[in-house]
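# Summary of the model geometry
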Amino acid sequence: MSDGHGEANQQRKESVVTANVPGDSPVTDPGHVRSGNAEGAAGKFDGQRGKSGALKKSARYRSRSLSASSADSYSSTSYTGSSSDEEEGVQPHEKAIAGGQPSPPYCVRNVEQHAFGRREIEIAEQEMPGIMALRARAKEDKPLKDAKIVGCTHINAQTAVLIETLAALGATVRWAACNIYSTQNEVAAALAHAGFAVFAWRGESEEAFWWCIDQCCTPTSSWQPNMILDDGGDATHLMLKKHAAAFKQIKGIVEESVTGVHRLYQLSKAGKLCVPAMNVNDSVTKTKFDNLYSCRESIIDALKRSTDLMFGGKQSVVCGYGEVGKGCCQALKALGCVVYVTEIDPICALQAAMDGFRVVKLTEVIRQVDIVITATGNKGVVTREHMERMKNGCVVCNMGHSNTEVDVHALRTPDLLWERVRSQVDHIIWPNGKRIVLLAEGRLANLCCSSLPSFVVSVTAATQALALIELYNAPQHRYKADVYLLPKKMDEYVASLHLPTFDAHLTELTDEQAKYLGLNKVGPFKPNYYRY
């Protein structure tokens, strides 16, 4: 909610948030939640979750009325507190520890918000036909019976539907957030109220972030994790570093982000990945539907909610023309933006050119563009030097998983003033009065400033659930300690779960046609190397 929506904030039972919010430099020691300097597996991970930066004490604050901002919607970040609240309280885990509960059954901002969260979950269920169909079909068989899953993903209404599906299929879960700003507090409260071990709240400090993940990973007499569902690789890396013996008992890892998959391949190359892992990020259903179609809608939603921009005639540059970049470019172009693209890959660059976008170096257009969007999964894509040359009012946001694409740390200098104007919207003001608009401190704009289409998340959630089922039930020697792609048959099954929503009817091959193509009549219909 916006800073001006005081009535809802007064109704909250607790108003506790960030007490000590550190800077944005990469975290290099996730193996020790509170301290330590151990060497990271396969080297330091550049994409490690960064620290959030506190606004300077001299920063000015503006409150916005509910009607003044389209960002203030119950569908995205409702009941998460105002920015002023978030600088006065303490972190929930500090309250738990001070109250004599170093290992509480759950830790959320305010469990009394559970009724609001339950309504959010019920709304999401209506738009998630695939995962709900999977729940209905498999709940009697309990394919995840006795599975104990460590989850580290964004915690929102759509994730809650996945969590409750995994439980219906027989699993026990413990869940933490992979992003300090994307948690919907009311949804976390609803999960906690329903008996799930959830450790997450919006506005976690860096120390709290790792504490929450460690609550999920630490083995106890009643909790011996045997599966990991990760988004970014943080749970995997912390468990490998801090609980190495327990990590060897893991039956499989499912990873859904570019950053996390990159880390898995690093571990595999270094010979430190001792369990099989499933790369669902590069599955067809995840790549095409979550990365392309979801981002095509959510980038506009995030920008509109946070900035009230008019897109027609604006000049924008999208850094990266992968599936996320493609979706962003299509959306911006459709609303009348002049769109430039930066790329390192000649194939992606040629695709951009053939799609009608001019491929440039960022330095060639940085002075004239109104919107800068990063979608590369890399680090240091937009630097302080770039931001020095941006025009007044330029909007900067990130659509890649990691928060290292925009060098936010370089903006935390005495000569620049940070001004919080809305939740997740900062003005960075130069001495000469120039300002740029930074969204979500360089983190995922579409999750921090908005919400995702539930239907697309249903595709991803069904993919994740099937990957967990496959790894958990696979014979002992089917998968070695390596990184695998989701079997094509599962990709096709996920797609088929969603077709009834559109009243779509598949054509069936005749025996003669199947023989001619050399295919099984029920699939898979494409070889693994096929590019959709």
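Residues numbered from 1 in each chain as written. Predicted model: local features only at pLDDT ≥ 70, side-chain atom pairs only at ≥ 80, totals over all residues. Heavy atoms only, no water.

In the nomenclature of an unreviewed UniProt entry, the protein corresponds to Adenosylhomocysteinase from the organism Iphiclides podalirius. In the Sequence similarities (unreviewed entry) part of its UniProt record, the protein is described as follows: "Belongs to the adenosylhomocysteinase family." Taken directly from UniProt, the Catalytic activity (unreviewed entry) text for the protein runs: "S-adenosyl-L-homocysteine + H2O = L-homocysteine + adenosine". (UniProt positions renumbered as here; feature names shortened; annotations may be inferred.)

## Structural notes on the overall build of the protein
Within the protein one finds 19 helices and 15 strands. Buried residues in the protein amount to 58% of all 532 residues. Relative to all contacts within the protein whose residues are 6 or more apart in sequence, the contacts with residues 24 or more apart total 75%. Total accessible area on the protein stands at roughly 21,900 Å², and carbon and sulfur atoms take up 52% of it. (Helix = DSSP H or I, 4+ residues; strand = E, 2+ residues; numbered from the N terminus. Buried < 20%, exposed > 50% of the residue type's maximum accessible area, 1.4 Å probe, protein only. Contact = heavy atoms within 4.5 Å. Areas by Shrake-Rupley, 256 points an atom, 1.4 Å probe, with all protein chains shown as cover.)

## Here's the deal with the environment of I123
Checked against the element boundaries, I123 lands in helix α3 (residues 114-126). Considering only alpha carbons, one finds I123 and Q158, 35 residues apart in sequence, at a separation of 9.3 Å.

## Let's talk about the sheet that holds strand β14 (residues 435-439)
Hydrogen bonds between backbone groups are what pair the strands of a sheet, and the pairing can be parallel or antiparallel. Reading across the sheet, the eight strands line up as β9-β8-β7-β10-β11-β14-β13-β12 and stay open at both edges, with mixed pairing between neighbours. Looking along the sheet, the strands with just one partner apiece sit at the ends: β9 (358-359) and β12 (417-422). Taken together, the two bridges between strand β8 (residues 338-342) and β9 define a ladder with parallel strand orientation. Considered in β9, the bridge of V341 is made with V359. (Pairing = 2+ DSSP bridges.)

## Considerations on the pattern of salt bridges
Counted under the stated rule, the structure contains 17 salt bridges. Of the charged contacts in the structure, one is a salt bridge between D234 and R263, with a shortest N-O distance of 3.2 Å. Pair noted here: D234 is in helix α8 (residues 234-242) and R263 is in helix α10 (residues 258-269), with a separation of 29 residues, a long-range link. Classification of R263 as buried rests on a relative accessible area of 4%. Residue D290 pairs with K286 through a salt bridge whose shortest N-O separation is 4.0 Å. One end of the pair is D290 and the other is K286, both in helix α11 (residues 284-307) and four residues apart, which spans about a single turn. (Salt bridge = Lys/Arg side-chain N within 4 Å of Asp/Glu carboxyl O.)

## Here's the deal with helix α13 (residues 346-354)
Count 3.6 residues to each turn of an α-helix, and residues three or four apart come out pointing the same way. Of the positions making up α13, those classed as buried are C348, A349 and A352. All buried residues of α13 fall inside an arc of 100° around its axis, so they share one side. Opposite its buried face, α13 presents the exposed residues P346, I347, L350 and M354, each directed more than 90 degrees away. For α13, the side-chain oxygen to backbone nitrogen distance between the N-cap and I347 is 2.8 Å, and the N-cap itself is D345. Downstream of α13 by one or two residues, G356 has phi in the positive range, about 95°. (Arc of directions from axis to C-beta. Polar contact = N/O pair within 3.5 Å; in protein donor to acceptor, adjacent residues only side chain to side chain.)

## Some thoughts on the pairing of β12
The element β12 is largely enclosed, with a buried count of six among its six residues. Relative to strand β13 (residues 425-429), β12 runs antiparallel, the two sharing five bridges. In the sheet register, R420 faces β13, and the bridge partner there is D426. The antiparallel pairing of β12 with β13 creates a hairpin that spans two residues between the two strands, and Q424 there sits at a positive phi of about 70°.

## Regarding α11
Its 24 residues give α11 an end-to-end C-alpha distance of 33 Å, which sits within 8% of 34 Å, the value for a rise of 1.5 Å per residue. When the local axis directions of α11 are compared, the greatest deviation, roughly 45°, occurs at C295. Just past α11, the residue D308 takes up positive phi, approximately 60°. (Expected span 1.5 Å × (residues − 1). Bend = angle between axes of the 7 residues up to and from the residue.)

## Digging into the layout of surface pockets
Empty space within the second largest pocket amounts to approximately 810 Å³. The wall of the second largest pocket is formed by 27 residues, among which E492, A495, L499, L506 and F525 lie closest to the centre. If you list the elements that add at least two residues to the lining of the second largest pocket, you get α11, α17 (454-473) and α18 (488-498). Per-element accounting of the lining of the second largest pocket gives the leading share, eight residues, to α18. (1 Å grid on protein atoms, 1.4 Å probe; cavity = no way out; pocket = protein on both sides within 12 Å on 5 of 7 lines; lining within 4 Å. Points joined across faces, edges and corners; volume = space filled by probe spheres on them.)

## Thoughts on the packing of aromatic side chains
A complete count under the given rule lists seven aromatic pairs for this structure. Geometrically, the ring pair formed by F289 and Y293 is tilted, given 5.4 Å between the ring centres and 45° between the ring planes. Highlighted residues: F289 and Y293, both in helix α11, separated by four residues, approximately one helical turn. Judged by its relative accessible area of 31%, F289 is partly exposed. When the ring centre of W430 is taken as reference, the NZ or CZ atom of K434 above it lies at 4.3 Å. Positioned above the aromatic ring of Y530 is the side chain of K526, whose terminal nitrogen or guanidinium carbon lies 5.3 Å from the ring centre. (Phe/Tyr/Trp six-rings, centres within 6.5 Å; stacked < 30°, edge-to-face > 60°. Lys NZ or Arg CZ within 6 Å of the ring centre and 35° of its normal.)

## Let's talk about the pairing of strand β7 (residues 315-319)
Counted residue by residue, β7 has four buried out of five residues, so it is predominantly covered. Sheet topology note: the β7/β8 ladder contains five bridges and is parallel. In the sheet register, V318 faces β8, and the bridge partner there is V341.

## Remarks on unusual backbone geometry
Residue P524 follows G523 across a cis peptide bond; omega there is 0°. With respect to the helices and strands, the residue P524 is situated in the segment after α19 (511-517). Located in the positive-phi region is D146, a residue other than glycine, with phi close to 70°. With respect to the helices, strands and loops of the structure, D146 is situated in the loop between α4 (129-138) and β1 (148-153). In this model, D503 sits at a positive phi of 55°, which is unusual for a non-glycine residue. Residue position: D503 is located in the loop between α18 and α19. Using a relative accessible area of 56% as the deciding quantity, one classes D503 as exposed.

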